[in-house]
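The primary structure of each chain is shown beneath.
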Amino acid sequence: MAVCVAVIAKENYPLYIRSVPTENELKFHYMVHTSLDVVDEKISAMGKALVDQRELYLGLLYPTEDYKLRRYGYVTNSKVKFVMVVDSSNTALRDNEIRSMFRKLHNSYTDVMCNPFYNPGDRIQSRAFDGMVTSMMIQVC
Amino acid sequence: MKSPPDGRFPPRLAAGGWAPLLAQSRGGFESLWVPGVVSLRAGSSGHAGPESSYDRSDYVQGFTTRKKATENGRCITKLENMGFRVGQGLIERFTKDTARFKDELDIMKFICKDFWTTVFKKQIDNLRTNHQGIYVLQDNKFRLLTQMSAGKQYLEHASKYLAFTCGLIRGGLSNLGIKSIVTAEVSSMPACKFQVMIQKL
């Protein structure tokens, strides 16, 4: 279950950022911001890396000492980045589940893009998108 | 077709001089948007049906006959801007499942093959480049022009029908991170050439 989901535009500002409202959300904003550097590095190193450079999914961004919170990245062909912070203390989430979550995010983002009343570059305010992200976020009881 | 929640139309359209036109004919604006944009979206599996291209030519004609000949240039600009926005959305949908693009030539080949096939049901016939940022896409049987007689009679009117497609290409490229200028020319119906000039930042 995701703890924080962010959609970052091509110019590296957030189009949509939402986190579980527990402690200070600023911590999650900061985490997403620092992961942007790692995402950029992974894209630019594509030519030399042995990893399949044609894939959109980037995987675990970087290992941290805080083993509970892991950050995953995904970059679309239009250079829009999705960053997800996942709380892995409850269940060990497999790679496939993370990939399917990013797939759903990408599908919803495409629907937002095709909305004629949405200007590319604005903050995403679609209720359908919000609903989809809510279904992915951790249930805080 | 709902109007936007706060009554204002998107700023890009208002800036392009749409505002006076919208103020006087709200109903007219909605009927312009519905055939072109909604029917292209309706092919959510990625296939724009043949009816969408006929709808576009209908509203191109309806749109341009409302204005006088002197405002022809503004019409073409507006059509191109509409194509730009539609191109951005289409590219997002089409590149959802494709692999990451290696370079510019890869992107142009994608436009010529997959993009053109999905929108016009055929590929671009010829792609030429000078490897310095200029690409010429040649389509020998452009679908929007096949319905017109293949002679000299409608040659000067053909550019109106190409404006939307120029915007489509420009919007698609801009969403993939390439700033460009796209122009079109028709020397003999129904063949046409789109010239794409990549602008290096």
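For clarity, every value in this text was computed on a predicted model and none was experimentally measured.

Calculation notes
- Residues numbered from 1 in each chain as written.
- Chains lettered and ligands numbered in written order.
- Predicted model: local features only at pLDDT ≥ 70, side-chain atom pairs only at ≥ 80, totals over all residues.
- Heavy atoms only, no water.
- Helix = DSSP H or I, 4+ residues; strand = E, 2+ residues; numbered from the N terminus.
- Buried < 20%, exposed > 50% of the residue type's maximum accessible area, 1.4 Å probe, protein only.
- Contact = heavy atoms within 4.5 Å.
- Areas by Shrake-Rupley, 256 points an atom, 1.4 Å probe, with all protein chains shown as cover.
- Expected span 1.5 Å × (residues − 1).
- Phe/Tyr/Trp six-rings, centres within 6.5 Å; stacked < 30°, edge-to-face > 60°.
- Lys NZ or Arg CZ within 6 Å of the ring centre and 35° of its normal.
- Pairing = 2+ DSSP bridges.
- pLDDT = per-residue confidence, 0-100.
- Core = buried A, V, L, I, M, F, W, Y, C linked by side-chain atoms within 4.5 Å.

Asker: Is there a simple way to think about the overall build of chain B in this case?
Answerer: Across its full length, chain B carries six helices and four strands. The order of helices and strands in chain B, counted from the N terminus, is α-α-α-α-α-β-β-α-β-β. Looking at chain B as a whole, 49% of its 201 residues are labelled buried. Long-range pairs, those at least 24 residues apart, make up 59% of the contacts in chain B between residues at least 6 apart in sequence. About 9800 Å² of surface is accessible on chain B, with carbon and sulfur atoms providing 52% of the total.

Asker: Honestly, helix α4 (residues 72-94) of chain B in this entry has me stumped. Any pointers?
Answerer: Since the α-helix packs 3.6 residues into each turn, any two residues three or four apart lie on the same face. Compared with the 33 Å implied by 1.5 Å per residue over 23 residues, the 32 Å span of α4(B) between its first and last C-alpha is a close match. Most of α4(B) is tucked away, with 17 of its 23 residues classed as buried.

Asker: Quick question: what am I supposed to make of the packing of aromatic side chains here?
Answerer: Given two aromatic rings, one states the distance between the centres and the angle between the planes to describe the pair. Per the counting criterion, the structure on display carries eleven aromatic pairs over all chains. Each ring, one from B:W116 and one from B:F142, has its centre 6.2 Å from the other, and the planes form 35°; the classification is tilted. Placement of the pair is B:W116 in helix α5 (residues 104-120) and B:F142 in the loop between β2 (134-139) and α6 (158-175), with a sequence separation of 26 residues. A relative accessible area of 0% means that B:F142 is categorised as buried. Between the aromatic rings of B:W116 and B:F194, the centroid separation amounts to 5.5 Å while the plane-to-plane angle is 65°, which identifies the pairing as edge-to-face. Of this pair, B:W116 sits in helix α5 while B:F194 sits in strand β4 (residues 191-198), and the two are 78 residues apart along the sequence. Per residue, the accessibility class of B:W116 equals that of B:F194, and both read buried. The positively charged end of A:K27 is found above the aromatic ring belonging to A:F28, 5.4 Å away from the centroid.

Asker: Whenever I open this one, the pairing of strand β1 (residues 126-129) of chain B confuses me. Can you help?
Answerer: Two faces, one strand: in a regular strand the side chains alternate between the faces of the sheet. Sheet topology note: the β1(B)/β2(B) ladder contains four bridges and is antiparallel. By the bridge assignment for β2(B), B:R128 is matched with B:V136.

Asker: What is the right way to look at the confidence of the model for chain B in this model?
Answerer: Atomic detail in the predicted coordinates should be set aside for any region of low pLDDT. Residues and elements named next belong to chain B. Counting all residues, the mean pLDDT for chain B is 73, and 67% of those residues have values of 70 or more. Contacts for the low-pLDDT stretch residues 1-51, under 50 throughout, to residues beyond four places or in other chains number 65 contacts. With a pTM of 0.72, the predicted complex shows an ipTM of 0.80.

Asker: Teacher, can you tell me more about helix α2 (residues 95-114) of chain A here?
Answerer: Counted at 1.5 Å a residue, the expected span for α2(A) with its 20 residues is 28 Å, and the 29 Å between its end C-alpha atoms agrees. Taken as a whole, α2(A) has its buried residues at A:I98, A:M101, A:F102, A:L105, A:H106, A:S108, A:Y109, A:T110, A:V112, A:M113 and A:C114.

Asker: How should I be thinking about the nonpolar core in this particular structure?
Answerer: The nonpolar side chains of a soluble globular protein tend to be buried with one another. By size, the foremost hydrophobic cluster in this structure holds 43 residues, and its most contacted members are B:F115, B:L137, B:F142, B:L145, B:F194 and B:V196. The contact partners of B:F115, leaving out residues within four places of it in the chain, are B:L90, B:I91, B:F94, B:F110 and B:L168. The next biggest cluster of nonpolar side chains, apart from the first, holds 39 residues, and it includes A:I8, A:A9, A:F28 and A:Y72.

Asker: I would appreciate a short explanation of the environment of B:E92 in the present structure.
Answerer: Mapped onto the secondary structure, B:E92 falls in helix α4. Exposure remark for B:E92: the relative accessible area of 1% places this residue in the buried category. Separated by 83 residues in the primary sequence, B:E92 and B:N175 place their C-alpha atoms 7.6 Å from one another. Contact partners of B:E92, with chain neighbours within four places excluded, come to A:T76, A:S78, A:H106, A:Y109, A:T110, A:M113 and B:N175.

Asker: Where do I start with the confidence of the model for chain A in this structure?
Answerer: All names here are of chain A. Averaged over all residues, the pLDDT of chain A equals 79, while 79% of them reach at least 70. No element of chain A has a lower mean pLDDT than strand β3 (residues 57-60), at 70, and none a higher one than helix α3 (residues 127-136), at 89. Below pLDDT 50 for its whole length, residues 48-54 participates in seven contacts with residues either more than four positions away or in separate chains.

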